[in-house]
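Summary of structural features
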Amino acid sequence: MNSHHIQTAEATGSVAQNIAQLNLLAPESTCSTDLAASPWDTPAGYGPGASQEDQIPSGYPVQSSIPEEYLKASDEELDARIVAAKATLGDKAVILGHFYQRDEVVKYADFVGDSFQLANAALTRDKAEAIVFCGVHFMAETADILSREDQAVILPNLAAGCSMADMADGPSVQQCWEELTALYKDEEDDGRMPVIPVTYMNCSAELKAFVGRNGGLVCTSSNAATVLEWAFERGRRVLFFPDQHLGRNTAKAMGIALEQMPMWTPRKALGGNDEAIMHDAKVILWHGFCSVHKRFNPAQIAKARQEFPGVRVIVHPECPMEVVDAADEAGSTDYIQKAIAGATEPTTFAIGTEINMVNRLAAQYPQHNIFCLDPVICPCSTMYRIHPGYLAWVLEELVAGRVVNQITVPKDQQGDAKIALERMLAAKP
């Protein structure tokens, strides 16, 4: 992915509009605005929203209390302090904002994009001593792997995680790998590995290092098909984690039968499968998913088609297979944005992805009718934990010469993880 695909803050500067007004574009209503509340008022766990039913794992990062002045500051005061801190820091700091981030934060970003685009965008700022990543934990880890040793990567709120990424942990994946290695040890050697591990970008640095160390690589939703082709050239089958839906949708589009894609459920012998199924497998899918994208369903698409004849339905490939099959198109966040930007005639778009991005696109392209398929709520609730109060805090600490909330990937993981990422970069769609 090239950095010219990244939106700058100037390109999105007019999008911080009232979400309630944007919801008028949708049939009935789209996603709730409840998550705009301050993250320090969020109950324990992942918090409200699409991930509220997910179980938070032990060892989850905890954000300590920040000075009360940031908790009590008005929106106007926080805005003035962030703008002043940015001006003081100048080129010494670069702020990255993910597509799914809230508008109140995105407006300060120097770059807006997906996780890997942003990590690469940061590399274009040679003078930056600090990279402030307004996203979630695994994204900041990726930026740390790719950045220079003299650069500090900062996550404004350490509790901004990803429930999908947490569904595949190091010990569980290692146990799976050992079982598969034992199962396939007697297969005839034809020059290919019995199984190649592939991990989606949405995972920990530990797992990126795991695939790099074991002959595999990382993929994004943009190049998943290319990565699977790379893997099949070198192996008989693929272990794909943590997102089952991206793996299934990609493999199905390549012509792989569903019966050759068994699900691996952690903590069950052979993932809950028998040996015959595992020997016939082509893609072994991990039992993981995105809490936002699993909410979409074919009934929402049918409703959109009924109310808006000719609607163009585009969904993210993290959605369940039935949703992808019912949609007109499926693609990454970058794909969705480019599809809308490239529409020359006024069009009605029904989009199946996170609400912040959908509403931002609706504001950016008012000639189109753009709405979210989910009529209830579909925000990335952990992304919402990056609040302007946290951003003001980390920036003013940098002004004072202090680095807080630094994300550092252990040295013993960095090398293998970088190999996995470099293999991904070479797998161009």
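1. Considering the nonpolar core
Burial of nonpolar side chains together is a common tendency in soluble globular proteins. Formed by 135 residues in total, the largest nonpolar core has its most connected members in Val132, Val198, Phe240, Phe241, Ile370, Leu391 and Leu395. Per-element accounting of this core gives the leading share, seven residues, to helix α16 (residues 388-399).

2. So, the packing of helix α9 (residues 224-234) against helix α10 (residues 244-253)
In the contact formed by α9 and α10, the axes pass within 10 Å of each other and the chain directions differ by 75°. With respect to each other, α9 and α10 are oriented roughly perpendicular. Here Ala224, Ala225 and Leu228 of α9 come into contact with α10, specifically with Leu246, Thr250 and Ala251. Along the lines of polarity and charge, the residues of the contact of α9 with α10 split into five nonpolar, one polar and no charged.

3. Overview of the confidence of the model for the chain
Predicted confidence across the chain gives a mean pLDDT of 87, with 86% of residues reaching 70 or more. Within the model, the stretch residues 1-31 combines pLDDT values under 50 with 70 contacts to residues more than four positions away or in other chains.

4. Examining the packing of aromatic side chains
As enumerated under the stated definition, the model contains four aromatic pairs in all. An aromatic cluster is defined as three or more aromatic residues linked by ring pairs; in this entry it consists of Trp177, Phe210, Phe241 and Trp286. Its end group placed over the ring of Tyr184, Arg237 keeps NZ or CZ at 3.8 Å from the ring centre.

5. Quick notes on the pattern of salt bridges
Going through the model one piece at a time under the given rule, you end up with 24 salt bridges. With its nearest N and O atoms 2.6 Å apart, the salt bridge here joins Lys252 to Asp325. Separated by 73 residues along the polypeptide, Lys252 in helix α10 and Asp325 in helix α13 (residues 321-326) bring together distant segments of the chain. Given a relative accessible area of 33%, Lys252 falls into the partly exposed group. The class of Asp325 is partly exposed, set by a relative accessible area of 45%. In this structure, the salt-bridge partner of Lys338 is Asp334, at a minimum N-O distance of 3.1 Å.

Calculation rules
- Residues numbered from 1 in each chain as written.
- Predicted model: local features only at pLDDT ≥ 70, side-chain atom pairs only at ≥ 80, totals over all residues.
- Heavy atoms only, no water.
- Core = buried A, V, L, I, M, F, W, Y, C linked by side-chain atoms within 4.5 Å.
- Buried < 20%, exposed > 50% of the residue type's maximum accessible area, 1.4 Å probe, protein only.
- Helix = DSSP H or I, 4+ residues; strand = E, 2+ residues; numbered from the N terminus.
- Axes fitted to C-alpha atoms, helices over the stretch in contact; angles between N-to-C directions.
- Parallel < 35°, antiparallel > 145°, perpendicular 65-115°, else oblique.
- Contact = heavy atoms within 4.5 Å.
- Nonpolar A, V, L, I, M, F, W, Y, C, P; charged D, E, K, R; others polar.
- pLDDT = per-residue confidence, 0-100.
- Phe/Tyr/Trp six-rings, centres within 6.5 Å; stacked < 30°, edge-to-face > 60°.
- Lys NZ or Arg CZ within 6 Å of the ring centre and 35° of its normal.
- Salt bridge = Lys/Arg side-chain N within 4 Å of Asp/Glu carboxyl O.

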